[in-house]
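Notes for the structure review
In case you want the letters, here they are:
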Amino acid sequence: MDVTRQFRDVDDFSPAELETVLGMATDLKERFDRGDSDDPLANRTLAMLFEKPSTRTRVSFETGMTQLGGHAIFLGPEDVGLGGREPTRDLSRTISRYADAVMVRLFDHADLEEFCAFATVPVVNGLTDLAHPCQTLADLLTIRKHLASDFDASVTWIGDGNNVARSFAVGCGMVGLDCTICTPAEYAIEESVLDRARTFDAGGSIETTTDPREAAAGADVVYTDVWVSMGEEAQREEKLAAFKSGDFQVNDALLDSGTEILHCLPAHRGEEISEPVFESDRSLVWEQAENRLHAQKGLLTFLLDAA
Ligand code: CP
Ligand code: NVA
């Protein structure tokens, strides 16, 4: 097994590998829907290490392993005491001796890097403060199905330049979407991340702005996420003030009539998105959430070389 196949962010894969994973995800979904009996990950175990809460990531990975004939083990903060009971590197080396792959959701991206440096099995980033690449896989599946099979579409991010936004921008660059990232200036995505997103010669574009109206005009889809991410609770008042005063809420006044919406969830209605828009026919969020399952089945099957 090639243990360099770690998935810290989407650009740990080449664009061709990303396309392979998306294709495997679609194929596995069709096979499962047809009822094909299929156990490519029989006798394989995924350890899942969570430092933060989760609904979609936990349930979709665990369900995915079950559907693929394997097994998933949930390890919460109380179970392993990450970084407290024993160093991250010792956890990584120990879990690598049991499990075939590890999914980790951590606060600090540096801890993920340490975990990866000592792992001898594939490691998947299930969200850190810097990146959420599994979410991007599901986002790209959703965009491809609903907007453009060749990714010839315009997508706009409105909100915080956070973990989800960073991975999404890089993913857009890799597949050639026309992507606009709209954030308040003080919560913009770092230039280094934009440079990564612009590295690829896939035919799209990565633009930035601080003006939500300009960003939303003509967009095929507008994507948003919470204004205050897990671990940022101390900044809540300051961040809410910045997003509210800049009119960053995704609502009907902002959107063109044909624009659809994405949200990685959980959503805070009345903050980053209005209740009517969230509950409207514009919303692709439930299919987007379902696509976490299909995307990660493709990812695990790819990483464990079990197609
Ligand atoms: N979108 C997402 O990762 O959801 P959870 O935090 O519930 O896993
Ligand atoms: N940006 C959010 C995403 C949750 C899936 C957070 O980090 O809390």
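Below or above, wherever it landed, is the structure these notes cover. It should be emphasised that the depicted structure is a prediction, and the values quoted were computed from it without experimental measurement.

Sheets are built from strands that pair by backbone hydrogen bonding, the pairs being arranged parallel or antiparallel. Strands sit in the order 7-6-5-8-9 across an open sheet of 5 strands; the sheet is parallel. Every interior strand has two partners, whereas the edge strands, strand 7 (205-209) and strand 9 (260-263), have only one. Strand-to-strand twist in this sheet, taken as the mean axis angle between neighbours without regard to direction, amounts to 20°. Summarising the sheet, strand 5 (residues 154-158) and strand 8 (residues 221-224) pair through 3 bridges and their orientation is parallel.

What follows is about the pattern of salt bridges. Counting across every chain of the model gives 21 salt bridges. Notably, a salt bridge pairs Glu19 with Arg144, separated by 2.9 Å at the nearest N-O pair. A residue pair is termed long-range when its members are at least 10 positions apart, and Glu19 in helix 1 (residues 15-34) and Arg144 in helix 6 (residues 133-146) qualify at 125 residues. Classification of Arg144 by relative accessible area gives buried; the value is 18%. In this structure, Lys239 and Asp160 form a salt bridge, with 2.6 Å as the shortest nitrogen-oxygen distance. In this pair, Lys239 is assigned in helix 10 (residues 236-245) and Asp160 in the loop between strand 5 and helix 7 (163-175), connecting sequence segments 79 residues apart. The exposure classification of Lys239 matches that of Asp160, with both residues buried.

Turning our attention to the nonpolar core. Taken as a class, soluble globular proteins show a tendency for nonpolar side chains to be buried jointly. Counting residues in each nonpolar core, the largest one holds 58 residues, and the members touching the most others are Leu46, Leu177 and Leu299. Here this core takes 8 residues from helix 7, the largest share from any one element. When near neighbours in sequence (up to four residues on either side) are disregarded, Leu177 contacts Leu140, Ile143, Phe151, Ala153, Val155, Cys172, Gly204 and Ser205. Within the second largest apolar cluster, 23 residues are counted, among which are Tyr187, Leu240, Phe248 and Val250.

Inspection of the region around ligand 2 gives Leu127, Asn162, Asn163, Val164, Asp225, Val226, Ser229, Met230 and Leu265 as its neighbouring residues. Asn163 places a polar side-chain atom, nitrogen or oxygen, 2.8 Å from an oxygen atom of ligand 2. Between ligand 2 and the protein, one listed contact pairs a nitrogen atom with a side-chain N or O atom of Asp225 at 2.7 Å. The protein chains hide 94% of the 270 Å² of surface that ligand 2 would expose on its own.

Definitions and cut-offs
Residues numbered from 1 in each chain as written. Chains lettered and ligands numbered in written order. Predicted model: local features only at pLDDT ≥ 70, side-chain atom pairs only at ≥ 80, totals over all residues. Heavy atoms only, no water. Pairing = 2+ DSSP bridges. Helix = DSSP H or I, 4+ residues; strand = E, 2+ residues; numbered from the N terminus. Axes fitted to C-alpha atoms, helices over the stretch in contact; angles between N-to-C directions. Salt bridge = Lys/Arg side-chain N within 4 Å of Asp/Glu carboxyl O. Buried < 20%, exposed > 50% of the residue type's maximum accessible area, 1.4 Å probe, protein only. Core = buried A, V, L, I, M, F, W, Y, C linked by side-chain atoms within 4.5 Å. Contact = heavy atoms within 4.5 Å. Near = heavy atom within 4 Å. Polar contact = N/O pair within 3.5 Å; in protein donor to acceptor, adjacent residues only side chain to side chain. Areas by Shrake-Rupley, 256 points an atom, 1.4 Å probe, with all protein chains shown as cover.

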